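Notes for the structure review
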Amino acid sequence: MSKPHAMGEERARLLRLATRASVGLALVLIALKATVWLTTGSVSLLAGLIDSLMDAAASIINLFAVGYALKPADKEHRFGHGKAEALAGLAQSAFITGSAVLVLLQGINRLLHPEPLEAAWAGIAVMVFSIIATLALLAIQKHVIARTNSTAVGADSLHYKSDLLLNLSIIVALLLAQFGIQRADALFGLGIALFIGYGAVRIGLDAIQILMDHELPDEVRAEALRIARAVPDVIDVHELRTRESGQHWFMQLHLELPATLTLADAHARGEQVRLAIVERFPQADVLVHKDPA
């Protein structure tokens, strides 16, 4: 089995693990938060419930999008299906923005019409469980992102990181409400809504960058140029173009070679450059053009 193929299978396994774990956690938290919110009537707990509903919707989208993105290239999609991950990230951004607006409206309403909270300790217990479960999921996602560089899982992870702050905020709000500071619950709900909205903007911008074929990071481009220039007979390298699509990177570059080289020798040097770059970046699909210097 070739190294790129083996890495592809491992990447697929890790992505499926991350997306399934995310969906499972979201569904468990929805059930718990809904039960306790119906008892307490807390705005901040409602924010947590809506956030978990959005998590579930986004994670399910991720589950299908990642599965589609892992499909190999075909004659209708010669560059593969990897951008489905970025589309999933964009969909997450929309879902998260919707959840932020809903919480914002509910928080404003509760500020204008404060109500006492009931059974706040049950809400605190659910939030503590949510924090522990979210930390476990983030550990899985961190492992997967480090080995796959997945946009969809990265977007999911960013949202769950914000959930940690959200859950801590809900605990503080419920504790303050227990001591008679009723508007704290609504104020924390408003703050959480704004924080969620900020995260949605970041996720959306990252997805748009990939969909618009933004160049790979400068350090990756510099390394590819260094590798190409180290090959014998390569005088210079120019017109390096790069982009990302799911698990694949695409690179195009022009080599300046001595005009006296035979066609066969020029081809051999180009292939040497291509293989050297792929050795360093196995996920890269490299196209090399040869120019006489």
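Residues numbered from 1 in each chain as written. Predicted model: local features only at pLDDT ≥ 70, side-chain atom pairs only at ≥ 80, totals over all residues. Heavy atoms only, no water.

1. Focus on the pattern of salt bridges
Pairing is possible between side chains of opposite charge, provided their charged atoms come close. Just so we agree on the cut-off: Salt bridge, as used here: a side-chain nitrogen of Lys or Arg that lies within 4 Å of a carboxyl oxygen of Asp or Glu. Starting at the N terminus, helices and strands are each numbered in turn, a helix being any DSSP run of H or I of at least four residues and a strand any DSSP run of E of at least two. We call a residue buried when its accessible area falls under 20% of the maximum for its residue type, exposed when it is over 50%, and partly exposed in between, using a 1.4 Å probe and counting protein chains only.
Inspection of every chain in the model, using the stated rule, returns 6 salt bridges. Among the salt bridges present, the one from Glu 215 reaches Arg 221, with a minimum N-O distance of 2.8 Å. Here Glu 223 makes a salt bridge to Arg 280, at a shortest N to O gap of 3.5 Å. In this pair, Glu 223 is assigned in helix 7 (residues 218-229) and Arg 280 in helix 8 (residues 263-280), connecting sequence segments 57 residues apart. Judged by relative accessible area, Arg 280 falls into the partly exposed class, the value being 44%.

2. Thoughts on the side chain of Ser 157
Our working definition: Note on contacts: a residue pair is in contact if any heavy atoms of the two residues lie within 4.5 Å.
Residue position: Ser 157 is located in helix 5 (residues 151-178). Non-local contacts of Ser 157, meaning those with residues more than four positions away in its chain, are made with Leu 138, Gln 141 and Ile 145.

3. Digging into the nonpolar core
This is how it is decided: By convention a nonpolar core is built from buried Ala, Val, Leu, Ile, Met, Phe, Trp, Tyr and Cys residues, the set being connected through side-chain atoms within 4.5 Å.
Within the largest apolar cluster, 34 residues are counted, with the highest numbers of intra-cluster contacts made by Leu 25, Met 127, Tyr 160, Ile 170, Ile 192 and Ile 196. Once you skip the residues sitting within four places of it in the chain, Ile 196 turns out to touch Asp 51, Ile 96, Ser 99, Ala 100 and Leu 166. Formed by 23 residues, the second largest nonpolar core is a distinct cluster that contains Val 220, Ala 224, Ala 284 and Val 286.

4. What to know about the packing of aromatic side chains
What counts, and what does not: Centres within 6.5 Å are what make two rings of Phe, Tyr or Trp a pair, Trp counting through its six-membered ring; a difference in plane orientation under 30 degrees is then read as stacked, over 60 as edge-to-face, and the rest as tilted. A ring is considered to have a charge above it if a Lys NZ or an Arg CZ atom is located within 6 Å of its centre and within 35 degrees of its normal.
Scanning the model with the defined rule gives 1 aromatic pair in all. Over the ring of Phe 250 we find Arg 243; its NZ or CZ atom is 4.6 Å from the centre of that ring.

Everything listed here is a matter of geometry and, on its own, says nothing about what the molecule does.
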